[in-house]
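Now for the letters of each chain:
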Amino acid sequence: MTDPVDLIKSEVVEDFPQLARFVLLRSLWRGAIDGWSVPGSLDQLPAAQRLLAAGAEREDLLRLVRAVAYDAVFVTLDELDSGGDVNVSGVEAGWVVMESNEDGSPTGRVLSGLHEDVLTMDPSGRDGADLWQ
């Protein structure tokens, strides 16, 4: 996990939106990845029910769905970080992830490199190590 003191220094000294990055990445971990750890989550998936009935270990399935969720989050953040589709020529459209104020208005501070830090925002402090066991 990233040192909170370093994040605060970066926010203040470099005017980098560290708090917004932290909140977004931690929210993705808690919802999209760790949300599968909530009791009963696997039971909502018919395929998981069939695999469990066939003798699959619940912990193995849980690791699998969390690893797939992590990969989906990582790929999505990487795409957002790219700012546009480099595989489509002649298209002049792009995007940016930007911090906003409480009222939703943009601050002008861009959240970039999100995919680079998502692993370090694992709330367990294990940098996702349990996803690939």
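Residues numbered from 1 in each chain as written. Predicted model: local features only at pLDDT ≥ 70, side-chain atom pairs only at ≥ 80, totals over all residues. Heavy atoms only, no water.

**Observations regarding the overall build of the chain**
Here's step 1: Summing up its helical and strand segments, the chain has five helices and two strands in all.
Here's step 2: Counted from the first residue to the last, the chain has its helices and strands arranged as α-α-α-α-β-β-α.
Here's step 3: Its C-alpha radius of gyration of 18 Å places the chain more than 25% over the 14 Å reference for a compact globule of 133 residues.
Here's step 4: Each of the three principal axes of the chain carries a C-alpha extent, and together these read 55 × 45 × 30 Å. (Helix = DSSP H or I, 4+ residues; strand = E, 2+ residues; numbered from the N terminus. Rg over C-alpha atoms; globule rule 2.2 N^0.38 Å.)

**Considering the pattern of salt bridges**
Here's step 1: Counting across every chain of the model gives nine salt bridges.
Here's step 2: Across the salt bridge formed by R109 and E99, the nearest N and O atoms sit 2.7 Å from each other. Here R109, found in strand β2 (residues 106-110), pairs with E99, found in strand β1 (residues 98-100); they are ten residues apart in sequence, far enough to count as distant. For the pair R109 and E99, one class covers both residues: buried.
Here's step 3: Via salt bridges that share partners, E11, D15, E99 and R109 belong to a single interconnected network. (Salt bridge = Lys/Arg side-chain N within 4 Å of Asp/Glu carboxyl O. Buried < 20%, exposed > 50% of the residue type's maximum accessible area, 1.4 Å probe, protein only.)

**A few points about the nonpolar core**
Here's step 1: Counting residues in hydrophobic clusters, the biggest one holds 15 residues, and the most contacted among them are W29, I33 and V118.
Here's step 2: Looking at this core, the elements with two or more residues in it are α2 (18-33) and α4 (58-82).
Here's step 3: No other element matches the five residues that α4 contributes to this core.
Here's step 4: In this structure, V118 is in contact with L25, W29, Y70, V73, F74 and L77, ignoring residues within four places of it in sequence.
Here's step 5: Core analysis: the next-biggest nonpolar cluster, separate from the first, contains five residues, L42, A48, L62 and V65 among them. (Core = buried A, V, L, I, M, F, W, Y, C linked by side-chain atoms within 4.5 Å. Contact = heavy atoms within 4.5 Å.)

**Quick look at unusual backbone geometry**
Here's step 1: With phi around 55 degrees, D15 is a residue other than glycine that occupies positive phi space.
Here's step 2: Of note, D15 is situated in the loop between α1 (4-13) and α2.
Here's step 3: Of note, D127 is a non-glycine position whose phi angle comes to about 50 degrees, a positive value.
Here's step 4: For D127, the location among the structural elements is in the segment after α5 (114-117).

**Some thoughts on the pairing of β2**
Here's step 1: In this sheet, β2 lies alongside β1 in antiparallel orientation, the contact comprising two bridges. By the bridge assignment, M98 is partnered in β2 with V110.
Here's step 2: Hairpin connection of β1 to β2: five residues between the antiparallel strands, including G104 at a positive phi of 90 degrees. (Pairing = 2+ DSSP bridges.)

**Digging into the side chain of Q18**
Here's step 1: Tracing the sequence through the fold places Q18 in helix α2.
Here's step 2: Ignoring anything within four residues of it in the chain, the contact list for Q18 reads L7, S10 and E11.

**Looking at the packing of aromatic side chains**
Here's step 1: Per the stated rule, a full pass over the model turns up two aromatic pairs.
Here's step 2: Both rings, one in W29 and one in Y70, keep their centres 5.9 Å apart while their planes meet at 40 degrees; by these two values the pair is tilted. Taken together, the residues span a long stretch of sequence, with W29 in helix α2 and Y70 in helix α4 at a distance of 41 residues.
Here's step 3: Since its relative accessible area comes to 0%, W29 is described here as buried. (Phe/Tyr/Trp six-rings, centres within 6.5 Å; stacked < 30°, edge-to-face > 60°.)

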